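Observations on chain architecture
Here is what each chain is made of, one letter per residue.
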Amino acid sequence: SAVISQKPSRDICQRGTSLTIQCQVDSQVTMMFWYRQQPGQSLTLIATANQGSEATYESGFVIDKFPISRPNLTFSTLTVSNMSPEDSSIYLCSVDVGVRAAFFGQGTRLTVV
Amino acid sequence: TQLLEQSPQFLSIQEGENLTVYCNSSSVFSSLQWYRQEPGEGPVLLVTVVTGGEVKKLKRLTFQFGDARKDSSLHITAAQPGDTGLYLCAGEGGPIEGAQKLVFGQGTRLTINP
């Protein structure tokens, strides 16, 4: 298993600003994943972050809007840039430790006003 | 693109009743995972099924993977208020999508009334 600490747990931000979400894992993992969960919805994968390489973005998500860093095997950040109210969501990071199970952080609930 | 259709999306039943949640796709998955999510928390894994036809039991919860590995079901017997939550199925991509990437169904928001 893996324990994932994500912060902040929630934030209220002004439109046009940016927020960086941090994800710390208690063990080294190759792949980290960032998801978005819009209100009342399921999870949509934003990107996959590998250490030492550029993140791989899913269709509909671009690096300029959601830049990701992965400086080492236990840490990643997701930035939500130039925010608008449509970005109000829960953002979740997850890891797969090779046992066909994903472990998630508790999520960051973002409200853009 | 792999898609998972989960049904029903909302279900409200009385304590003690049985229920089944379905997760269907036209795609084959390497594995199918079921998660439960409570408010303010990330999803927590309940079970992973890997083999076509596999059945796994977790107390009052029974999970089944279809023979063709395209669908799955979650059956809860004698539901309890503590079973309330958002249930999510997630398919692990096959050779085309790549392993470890999960495709999530829309979720089933389950409410068990005392």
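Residues numbered from 1 in each chain as written. Chains lettered and ligands numbered in written order. Predicted model: local features only at pLDDT ≥ 70, side-chain atom pairs only at ≥ 80, totals over all residues. Heavy atoms only, no water.

**Points about the side chain of Glu92(B)**
Residues and elements named next belong to chain B. Note the cut-off: In this text, helices come from DSSP runs of H or I with a minimum length of four residues, and strands from runs of E with a minimum of two, each type numbered from the N-terminal end. For the exposure calls, accessible area comes from a 1.4 Å probe over protein chains only, and a residue counts as buried if that area is under 20% of its type's maximum, exposed if over 50%, partly exposed in between. N or O atoms within 3.5 Å of each other form a polar contact, as long as, within protein, one can give a hydrogen and the other can take it, and as long as residues adjacent in sequence are counted only when both atoms are side-chain atoms.
With respect to the helices and strands, the residue Glu 92 is situated in strand β9 (residues 85-92). In this structure Glu 92 comes out as buried when scored by relative accessible area, which is 4%. For Glu 92, the side chain forms a polar contact with the side chain of Ser 31, separated by 2.7 Å.

**A closer look at the interface of chain A and chain B**
The following threshold applies: The contact criterion used throughout is that any non-hydrogen atoms of two residues lie within 4.5 Å. What counts as buried area is the accessible surface, traced by a 1.4 Å probe, that two parts surrender upon association, with contributions from both included. By salt bridge we mean one thing: a side-chain nitrogen of Lys or Arg within 4 Å of a carboxyl oxygen of Asp or Glu. Residues were grouped as follows: Ala, Val, Leu, Ile, Met, Phe, Trp, Tyr, Cys and Pro as nonpolar; Asp, Glu, Lys and Arg as charged; and all remaining residues, including Gly, as polar.
Across the boundary between the two partners, chain A contributes 20 residues, which contact 23 residues of chain B. Taken as a group, Ser42(A), Arg100(A) and Phe104(A) account for 34% of the area that chain A buries against chain B, more than any other trio of residues on that side. The tally of links from chain A across to chain B stands at zero salt bridges. Put simply, chain A and chain B have three residue pairs in polar contact (both at pLDDT 80 or more) between them. Those elements that provide at least two residues to the side of chain A that touches chain B are β4 (31-37), β5 (43-50), β9 (89-96) and β10 (102-104) of chain A. For the side of chain A that touches chain B, the element with the highest residue contribution is β4(A), accounting for four residues. When its residues are assigned to classes, the side of chain A that touches chain B shows nine nonpolar, seven polar and four charged.

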